[in-house]
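Coordinate analysis (summary)
Each chain, letter by letter, is given below.
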Amino acid sequence: MPTSRRRFLQQLTATGALLTVPSWARAALPTMPVRMRGQVRAEGTGLAGVGVTDGLSVVETQADGTFELITTDRRPFVYLSLPAGYAIPQNATGTARCYQPIQPDAQGKATATFDLTSLDGDDANHAFLVLADPQTQTTYETELLHAQTVPDVQDLLATRPDGEPIFGVACGDIMFDDLSLYPEYER
């Protein structure tokens, strides 16, 4: 159905007014419930008892690996709590991807599937590296991270036993305000 000019202007004005509402007031606006359904599987078989969360609520997968989580349109992602014995899913850049975006349809339904890969060996013993608060602000600082910090990390990793699982976490303020630098940080 075509929209009249009058209706278009009313909608535009309402949208503009909403954008001027402070974030603390927008938080009080109604949210749309989202029924998130999905599955956690490895080699095509569902995995039972895996924790899945939207950051507020946590559910466990059923015997067939399926889950259902009632969330809201304000939660951006659903996350997986990686079970023992499985490799950390990765983005093309090598960073962890234990999450899927929550993208509800018009009926407030969304889906997510997590496909995991079994590890070849035992992961009970592993090394864990934490890099905290690099907070790069400029291209120069990002270059320093690559020129100084990354070689130190690589040297440390070279001292670890061959075949030892190693994973790292960046925590705290990894970037300052210029998020256009993130791909270079991630590299």
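Refer to the structure printed above.
Presented here is an overview of the structure given in this document.

Conventions used here
- Residues numbered from 1 in each chain as written.
- Predicted model: local features only at pLDDT ≥ 70, side-chain atom pairs only at ≥ 80, totals over all residues.
- Heavy atoms only, no water.
- Core = buried A, V, L, I, M, F, W, Y, C linked by side-chain atoms within 4.5 Å.
- Buried < 20%, exposed > 50% of the residue type's maximum accessible area, 1.4 Å probe, protein only.
- Helix = DSSP H or I, 4+ residues; strand = E, 2+ residues; numbered from the N terminus.
- Contact = heavy atoms within 4.5 Å.
- Pairing = 2+ DSSP bridges.
- Axes fitted to C-alpha atoms, helices over the stretch in contact; angles between N-to-C directions.
- Polar contact = N/O pair within 3.5 Å; in protein donor to acceptor, adjacent residues only side chain to side chain.
- Right-handed = clockwise from strand over helix to strand, strands pointing away.
- Patch = residues over 30% accessible without salt bridge, like charges linked within 9 Å, V, L, I, M, F, W, Y side chains within 5 Å.
- Areas by Shrake-Rupley, 256 points an atom, 1.4 Å probe, with all protein chains shown as cover.
- Salt bridge = Lys/Arg side-chain N within 4 Å of Asp/Glu carboxyl O.
- Phe/Tyr/Trp six-rings, centres within 6.5 Å; stacked < 30°, edge-to-face > 60°.

Concerning the nonpolar core
Side chains of a nonpolar character, in soluble globular proteins, are inclined to be buried together. Judged by nonpolar contacts, the single largest core of 18 residues is most densely connected at Met36, Val40 and Val78. At the level of secondary structure, the elements contributing two or more residues to this core comprise β1 (33-42), β5 (66-72), β6 (77-80) and β8 (109-116). Among all residues touching Met36, those that are not within four sequence positions of it are Phe67, Glu68, Leu69, Thr71, Val78, Pro101, Ile102, Ala110, Thr111 and Ala112. Counting residues in hydrophobic clusters, the runner-up holds five residues, among them Leu145, Ile174, Leu181 and Tyr185.

Observations concerning the sheet that holds strand β3 (residues 51-53)
If you trace the four strands from one edge of the open sheet to the other, you get β4-β3-β6-β7, paired in antiparallel fashion. Whereas interior strands pair on both sides, the edge strands pair on one side only; in this sheet they are β4 (58-60) and β7 (99-101). Strand after strand, the sheet turns through a mean of 25° between neighbouring axes, direction not considered. Relative to β6, β3 runs antiparallel, the two being bridged by two bridges. Following the sheet pairing, Thr53 is matched in β6 by Tyr79.

A short note on the side chain of Asn91
Mapped onto the fold, Asn91 is located in the loop between β6 and β7. Residues within four places of Asn91 in sequence aside, it is in contact with Ala96, Arg97, Tyr99 and Glu186.

Topic: the environment of Asp178
Inspection of the secondary structure puts Asp178 in the loop between β10 (166-171) and α4 (182-186). Considering only alpha carbons, one finds Asp178 and Thr139, 39 residues apart in sequence, at a separation of 9.7 Å. There is a polar contact of 2.5 Å between the side chain of Asp178 and the side chain of Ser180.

What about the pairing of β8?
Alternating residues of β8 divide into Ala110, Ala112, Phe114 and Leu116, all buried, and Lys109, Thr111, Thr113 and Asp115, none buried. Alignment of β1 against β8, held across eight bridges, turns out to be parallel. Within β8, the residue paired with Ala42 across the bridge is Leu116.

Quick word on the pairing of β10
Relative to β10, strand β9 (residues 127-132) is paired through six bridges, and the arrangement is parallel. From the neighbouring strand, Ala127 faces β10, where its bridge partner is Ile166. Handedness of the crossover joining β9 and β10 through helix α3 (residues 139-158): right-handed.

Observations regarding a nonpolar patch on the surface
Where nonpolar side chains cluster on the molecular surface, the patch consists of Phe128, Val130 and Val169 and spans about 250 Å² of accessible area. Of note, Phe128 is situated in strand β9.

A word on the side chain of Thr136
Residue placement: Thr136 occurs in the loop between β9 and α3. Here Thr136 is in contact with Glu141, Thr142, Leu145, Ile174, Met175 and Phe176, once residues within four sequence places are set aside.

A word on the packing of aromatic side chains
A complete count under the given rule lists four aromatic pairs for this structure. Ring plane angle 75° and centroid distance 5.2 Å describe the contact between Phe77 and Tyr99, whose orientation is recorded as edge-to-face. Separated by 22 residues along the polypeptide, Phe77 in strand β6 and Tyr99 in strand β7 bring together distant segments of the chain. In this structure Phe77 comes out as partly exposed when scored by relative accessible area, which is 29%. On the numbers, 5.9 Å between centres and 35° between planes, the contact of Tyr182 with Tyr185 is tilted. Pair noted here: Tyr182 and Tyr185 are both in helix α4, with a separation of three residues, about one helical turn. Judged by its relative accessible area of 31%, Tyr182 is partly exposed. Taken together, the aromatic side chains of Phe77, Tyr79 and Tyr99 make up a single cluster linked through ring pairs.

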